[in-house]
Structure formats: C-alpha cells, structure tokens
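Report on the structure
Residue-level listing of the chains:
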Amino acid sequence: MDHRLLKYMQSVQEYAKALDTLSEKWNLLTMLGKMSNTGMDMVDTRAAFEALTAELLEKLGMEILKKTTSEMEAKAQVAVDIVIRNLFERTADIGFLATDDDIRSFIVQAHLGTTDDASRQLLRERRMALKNRFKEYVSKYSVYSNIILMDTRGNIVAQLDEHNPITSSCDPLIKEALSTSAEYVEVFRQTDLVPGADKALVYSYRVRRSSGEESDTIGVLSLVFRFEDEMEGIFKNLISENDWMEIMLLDSEGYVISCSDTTHIPLGIKMEKILDNGYKIIRFAGREYLAKTCATKGYQGFFGLGWYGHVMVPIDHAFDKAPHAYKSISEDILETVLKHSPLFSGELKMIPQKADQIQKELDVTVWNGNVHIANSKTNENSFSKSLLNEISNTGFQTKKVFEDSISNLNHTVLSAYLDDAQFNASLAIDIMDRNLYERANDCRWWALTFVFKEKLSQPELQRDDVFELEEILSYINNLYTVYTNLFLYDRTGTIVAVSKSSEHRFVGSKIEESWVRETLKITDTQRYSVSHFAKTPLYDNRPTYIYGAGITDTTNEESVGGIGVVFDSHPQFEAMLKDALPRDKNGEMIEGSFALFCDREKNIISSTSSEYRPGSRLNLDESYFAHENGNGSSGIVELDGDFYIMGLHTSNGYREYKKHDFYKNDLIAFIFVQIVKGDELPKVCAIDSGHIVCSYPKVQGMEETVDISTFYIGNKFFGVESYNIVNSLSHQNVTRIIGSDAIFLGVVGSKEGETIGVISLNELLGIQSAYDPQRDELIVLKSSYQNDTKFAIVISHIKDSPEIPLRSIKTYSGTLAGVSPLTKAVVIPDEGTSRGEMLSILDIDAIFRTLIKNQNKLSSL
C-alpha cells in the first residue's frame, strides 16, 4: 500500500492522532513505573501497543483503499461490458435489416434508373415509403440516429436523416462491406457518412439481390448508433451525486472516446492503461489520481473493437464517501456478523484478539501491582496506587480507541460487501431491462414484415405459403438465438407457422391466453403485448415471457394475426444473474452466494440457486418489494435460518421501454451472500454479553480500608483480600498427578522452584467449563491455616483492586452448593447507589481447610 494515501483517509488520521497521544502517555507511564515500588515492567505492554497500533492503522487504511479501488474496478468493468452487450445486439440488427425485401426491391429499382416523369415519381414514392419504414425501425430500435442505404459505388439512395447533406460516400467501409467474408463491418472513427462528427459508431452490411450467398451484391446498408446518447445513460447510472469519479471509455490504443465529464477530460487524450495492478497513482493535469482500467470480458464471443473501461478519482477525494448506514440491521445480527462471518479474514479477526490480549496483560500487570503494594510496607504506596490508577485509566482509553477503530475497520469491510451487493443487483436489473427492451423491439419490427402481412391476409394459407413463412421465421431465429421459437398465428389465434421443426406439433393449435386476445386488437405498430411470467406448453411447461405484436393487412388497418416470440428465459436470466454475482480475487463466485429476479408479489422469476426455483416465492418482508422504480437498498437478512448480506434493486426500464410506453411489469434483482450459517447461530447467541458492573462503596475521610482484588469465575464475581494473594499467572499448563479430579486439577511450578497445587471451584459453583490455559488464569494464594501454604485457584479473568471501607464488608456464615463455606463476606454498596452485582469475598482458609479435610490431596505439598 502506498502510504501517501493514508493522509487522505480522515478516519485513519483521527485514530492515528488519538493513538499518538496515548503512545506519549504510555512512554511516560513506563518510565514512572520503573521509578515506583510497584514492581511493574511496562516495556512489553508498550511494545505490543505500538505494534498493534501500526498493524491496525495499516489494515484500516488497506480496507478503505480496497473499498474504493473495488468500486473503481467494478464501475470500469461495467462501463465497458454494458455497452459491449448492447453492441452485440446491433450486429444481429444489421444482418437482418440488410435482408429486408423493401430495401432490396428499392435499390434494384434505383439501379434501373428513371426514364420519364412517371418512373421518377414512382421512385420518389418508393423512397418516401422506404424512409417511413426506416422511421418505423428507429421508433422501435431507438438506439440508432440514422439509417443509410448506398449502392455499390457509395451513392446514397435513401437515408432517414433529412438533415444529413451527404449524397455519396468514399468511406473504405463500403469496399470492406462488399468484399469481406465477415457478416458485418463495425467502425468507430471519423466518416463522411456522419459529417461534422469527430467520430461515429457505424454498423454496415452488404445487401444482396436475393437470399443466398450466391446472389450478387447490390448495395450497402449502414446503421449509425447513438453512441454519445448511450454512454451518457451508462455514466448517469454509474455516478452518484457528489461523486468525484471520472469514468471513461478508451479505444484499443488507450485514447478517450467517451467520458463522464468532458469539460475536465477532453476526448482524444491518451490515458495510461492500468490493467495488471489493482490501482495506480497517476498524474493528470497537475493533480494526482487513483486510476484503474478494465478490458471488456466480451459477450457471447463478441468483443467489439477492443475497448476498455477506465476510472480515475482524485486521491484527495478518493475516500470521501460516507460509510454505509446500518439503521435497518439489528445490533445483535451486526455483532454476530462482525465476529463470526467467514467474509472477514483471519488477519482481521486476530486484531481484536490481540487488543484483548494487550488489555488482559495490562489488567494483570495493574492487578499484580496492587497486590505488590498491599504486601509492601513502604511510604511510596500512595504514589504507586495513583500511578496504577492512571495506568488503568490509560488502559481503558486505549481500549476504547482500539474498539472504535476496530469497529470502523469491520464496518468498512462490511460496508464494502453491502455496497457491492446493491451495485451488483443494480447491474443485474439493468442488464435485464436492456435485454427485454430488445425483445419488445424485435416482435414489433418482425410484425411489419411484408410477407407476413400478405400471407396472413389471405383467406387460406397453402403449403407453399407456410413453407415461405417458416423459412423467414427460421432465418430470424438463427440470427436471434435468445428465442426458443417464433410463431405466427391467424386472426383466430391459431398457430399457422413456427421457426423450428421441433415445434411443428403446435401448428393448428389455438392459443386461448389473454395476451393473444390483446395482441389481435393491436393495429398500432408501436404497441406490443407480453404474457405473464407463467408456465406454458410453448416453453416445455416452464415459466417464461412471450412477447407479441399484431400483424395488420397491407393497408395497416385490419388485424390479420400476430407474431409470438418465446424468450428462452431460463438460461438467459440465469446468465444475467451469474454475471452479476460477486466474485473473489481469483474471479470465482463467492461460496454461498446466489441471485434472484422477483416480481413485486414475491414470485421468483429466475434463480441461480436450486433451493429457490422459478415459480416459487421469496419469503422476505414486504418492504423489500416496495421500493420505487430505479431504487434499491442493502442489508442483512435471515433466510431459512442462515444470514445473508442482501442487495436489491428495482427495475426502471431502458430508454422508452417500461418508462414511456404502456407496459408495466416491475421486477427486482436480489443478490445474496451467505455470511453466517444457521448452525453457527446458537453458539453466537450463547456468548456472554458482558459482566455486570459492580458499584463499590466510596472511602470517606480517614476511615479504615482494605484492598480487595476482584475477579470472575465464570460469570460469578468474587474477591479476596489483596494481602492473601502472591501473584497471578497466565498461560500455565497444569500437570496432573495421582488423585487429580475436577476440583484438584494438579500442580504447577513457580519461578522460585516451588510446586503449587491448583484448585478449580467450577464444579462447586455449578459452572460447566474445563480449565483452558489460553483462556483462564491462575491466582496464587497463601493460607494462614497451614503456615502460609501457597495454592492456586482457577479464575476466568481478573477485574480490579478497589479500596473498600471496612464498614461496608458484612461477614456471614453458610454453605454454597451444600459442599463447603466458600465465601465469608459480602461488600454492601453505599445507600442510593445502583447495587449492580454484589461482590462476595472468598474465605481462603476455609476453602483450603475443607479441601484438606475432605480430600486430603494437598498434604504432600
């Protein structure tokens, strides 16, 4: 990571400042500790604090950077891939339109020339008719700005744009289209076909006299794509308000061909392509930027002209985005995810563990210092206790800063996943809207085919008629492979022709569905119909959409039938969803992730998961299905006992489709990433949520006091007089000996070479927990019952060493669990204070005496 970036990360700088202040304080306390009589050595604690500080700030910076660069890469990839998907459809358009009979017949007539006024008038009328046909085409496929028809010499014989002054062209694409063996010619450059434009995206195809490769070529057809308009829409979807990102499209050489802000980055300037690294800091126009470039992944083998998506963001604004809002996520679920989700790396999970270990060691140091003071007789005790209190307070401040920064780190990671899920959902629904826009266009345009009009207007179809219709349908279907079948039906709704021989069984069948009845009423060439997403025999009894358009007679006045196109929804929708699923750094889909398309009634339209099949329902809260069009959200949800990050986005249509036409069918894309499995949840919920705070009585004046060292055994709160404690020990392996059991665990060795017996009170206290040297601690006590004999008891963790007024200690007698009198007194809080949990004082001599009497296991010590 380039450390220059850290200074632009506000949260990193805030934590660094707070930790620097604490570091200076630790240096002073370490020095004072050496001067006191506490016996404390803070060097190791300070070193651990400094090491963790460096690691924490580094990790926080890396995750903030990763979040930004991941967003940059995603947007760069989408910017190029979404347009490549669009242009793939254009390659089919030009191939089909070039075979249009009206285009062929007109260019043939234009070749013949005109010899008199009548023939010239006829040619003018035919040209006007063809121009109207071009208008019909662009009114449906609104991605085009012009359609140009040329003869083999480049003369313009017809075009849509009345304001285009060109009458002939010498562009090399004409020769290439006439001679190439490729199906189409694609160029993006300056061309005389679009005068006044620096560059234009044009698709061209040769026009033959008739069907078949042997037929002679008579002209060239060109479609001019509305490139700037398309990119403006793509950039608008990718850039949010107050976003500093600059998104560009680069050509194969790295020159900018489109940009989200051309006032800042002019077209035609060359950019360095950043392909191999996650990012690179570059200089542009006197300013430093993070930059990332992505090559297109292509679509169904189509890679276009080798363009790239490129994103830059000024480094001084690269990390400005506000963190994700978690209002909709409950604290319990959030804590569960942050602690137990496999999405968080082992390194990230180790940071809070290291922080806890530093705090634990600090608590032990302070605790042992208080024990040392309680057993010393010097005059420095007042200073030493003040020093220990200050060390303890500094420890709490340090812990708070660590907790906040670790929380920020975890939330940064989680925020990235939540943002990615919502972004991926918006990508999935955008791909769907764009795809279905094409389906609505296809059926309407094909319904205008003259042969369809002519044949369906006849009282009865002959075998040759059907053959001709099916030949055309088959040709179309071979070009447009997203359909399993195309079919024509007459004015009664009876299927008369199909595109595939395997579907011949439907010929003669009458379709009784409502969308067919609606289609037969349509005479407006701009309208279309769509079936409900439902099972149909036309799709092997699987659910899909069937798009339809009415076919009128040759006068365009009377409905004579319709065309239906069966969308191959299962693989097409599934491919869209899979393309939007989140992936790891190796490009593999994240395990446990899946995606869905649903309608507002919770019906599943498509799924990448076998557990959520199309036609079933998604049982989530109603609010997730009520977002306004074009809006989305993300959060954490429970599905069948498992927890997932979920991102969703509601459809908003594309261009006029579902925006400015009659059709309304709101769909929602959902992205799910599993974060906690259900069988892990009980363990999560069983975790102790924290110990109850104990309120100690306050010392008044010069009254007599005693130091009590406190600790937890399980979740039970105890203390002993500090003068009865020798010290505490951590990470001690207990050696079992003959007679060891659940109470007498065995022995440990001391630094002085002594053998010390170890006792666990867990069984006597009803605590089901075995000793764990990595988790539990030992405190070494001395019993006056037998010449200050030392023994150790197992505790969960130490707490503090308060000074307690003797007046507040109330002794009592009794037994616990019917075994032995483990405690001898309780500390009574002051009147008017919150009592919290009562502090019970263990009777060390009684515990030791009872164990010797009943078990006789320490006599050898």
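For the structure itself, consult the block above.
Computed from a prediction, not measured in an experiment: that's the story for all the values here. (Residues numbered from 1 in each chain as written. Predicted model: local features only at pLDDT ≥ 70, side-chain atom pairs only at ≥ 80, totals over all residues. Heavy atoms only, no water.)

**Regarding the overall build of the chain**
Going by this rule: Helix and strand assignments follow DSSP, with helices taken as H or I runs no shorter than four residues and strands as E runs no shorter than two, numbered in order from the N terminus. For the radius of gyration, the atom set is restricted to C-alpha positions; the globular benchmark scales as 2.2 Å times the number of residues to the power 0.38. Classification of residues uses two cut-offs on accessible area relative to the type maximum, computed with a 1.4 Å probe and protein chains only: under 20% is buried, over 50% is exposed, and between them is partly exposed. Contact between two residues is taken to exist if any of their heavy atoms lie within 4.5 Å; hydrogens are not considered. The Shrake-Rupley method, run with a 1.4 Å probe sphere, supplies the accessible areas, and residue values consider only the shown protein chains as cover.
Along its length, the chain carries 16 helices and 34 strands. Since a compact globule built from 861 residues should have a radius of gyration of about 29 Å, the 39 Å found for the chain marks it as more spread out than a globular shape. Once the C-alpha set of the chain is aligned to its principal axes, its extents read approximately 135 × 65 × 50 Å. Looking at the chain residue by residue over its 861 residues, the buried ones come to 52%. For the chain, restricting intrachain contacts to residue pairs at least 6 apart in sequence, the fraction spanning at least 24 positions comes to 63%. When the accessible surface of the chain is totalled, it reaches about 39600 Å², and 49% of it is carbon and sulfur.

**A short note on unusual backbone geometry**
With a phi angle near 60°, N541 is a residue other than glycine that sits in the positive phi range. Summarising the element assignment, N541 is placed in the loop between β14 (534-536) and β15 (542-544). For N541, a relative accessible area of 52% gives the class exposed. With a phi angle near 60°, K658 is a residue other than glycine that sits in the positive phi range. Along the polypeptide, K658 turns up in the loop between β21 (642-650) and β22 (667-676).

**Some remarks on the sheet that holds strand β18 (residues 593-599)**
Note on sheets: strands pair through backbone hydrogen bonds, and any given pair is parallel or antiparallel. Rule in force here: Pairing between two strands requires that DSSP report at least two bridges joining them. Every axis corresponds to a line fitted to the C-alpha atoms, with the helix fit spanning only the stretch in contact, and the corresponding angles, defined between N-to-C directions, vary from 0 to 180 degrees.
Strand order across the open sheet formed by five strands is β19-β18-β22-β21-β20, with antiparallel pairing between neighbours. Because the sheet does not close on itself, it has two edges, and the strands there are β19 (604-607) and β20 (632-639). Within this sheet the neighbouring strands show an average axis-to-axis angle of 25°, counted without direction. By the bridge criterion, seven bridges tie β18 to β22 in an arrangement that is antiparallel. Residue pairing across strands places F594 opposite F672, the latter belonging to β22. Sitting on the sheet, helix α13 (residues 569-580) is in contact with β18, β19 and β22, with an inclination near 60° to β19.

**Section: the sheet that holds strand β4 (residues 200-208)**
With respect to topology, five strands assemble into an open sheet ordered β2-β1-β5-β4-β3, the strand pairing being antiparallel. Lying at the two open borders of the sheet, with one neighbouring strand each, are β2 (156-159) and β3 (185-189). Taken over all neighbouring pairs, the strand axes of this sheet differ in orientation by 25° on average, direction set aside. One ladder, built from seven bridges, connects strand β1 (residues 144-151) with strand β5 (residues 217-225); its direction is antiparallel. Each residue of the ladder has a partner; that of I148, found in β5, is S222.

**Section: the pairing of β19**
Moving residue by residue along a regular strand, the side chains alternate between the two faces of the sheet. Relative to β19, β18 is paired through three bridges, and the arrangement is antiparallel. Note that in β19 the partner of F597 across the bridge is S606. Joining the antiparallel neighbours β18 and β19 is a turn of four residues, in which K602 adopts a positive phi near 75°.

**Some remarks on α13**
Applicable threshold: One fewer than the residue count of a helix, multiplied by 1.5 Å, yields its expected span.
With 12 residues, α13 ought to run about 16 Å at 1.5 Å a step, and its terminal C-alpha atoms sit 16 Å apart, in line with that. Residues S569, Q572, F573, E574, M576, L577 and A580 constitute the buried set of α13.

**Here's the deal with the packing of helix α2 (residues 43-97) against helix α6 (residues 227-238)**
Rules: With the far helix as reference, a near helix turned anticlockwise by less than a right angle produces a left-handed crossing, and one turned clockwise produces a right-handed crossing. Only Asp, Glu, Lys and Arg are considered charged, only Ala, Val, Leu, Ile, Met, Phe, Trp, Tyr, Cys and Pro nonpolar, and every remaining residue, Gly among them, polar.
For the pair α2 and α6, the least separation of the axes is 11 Å and the interaxial angle reads 145°. Handedness of the α2/α6 crossing: right-handed. Within the contact between the two elements, α2 uses K75, V78, A79, I82, V83 and N86 and α6 uses E230, M231, I234 and L238. Here the residues of the contact of α2 with α6 sort into seven nonpolar, one polar and two charged.

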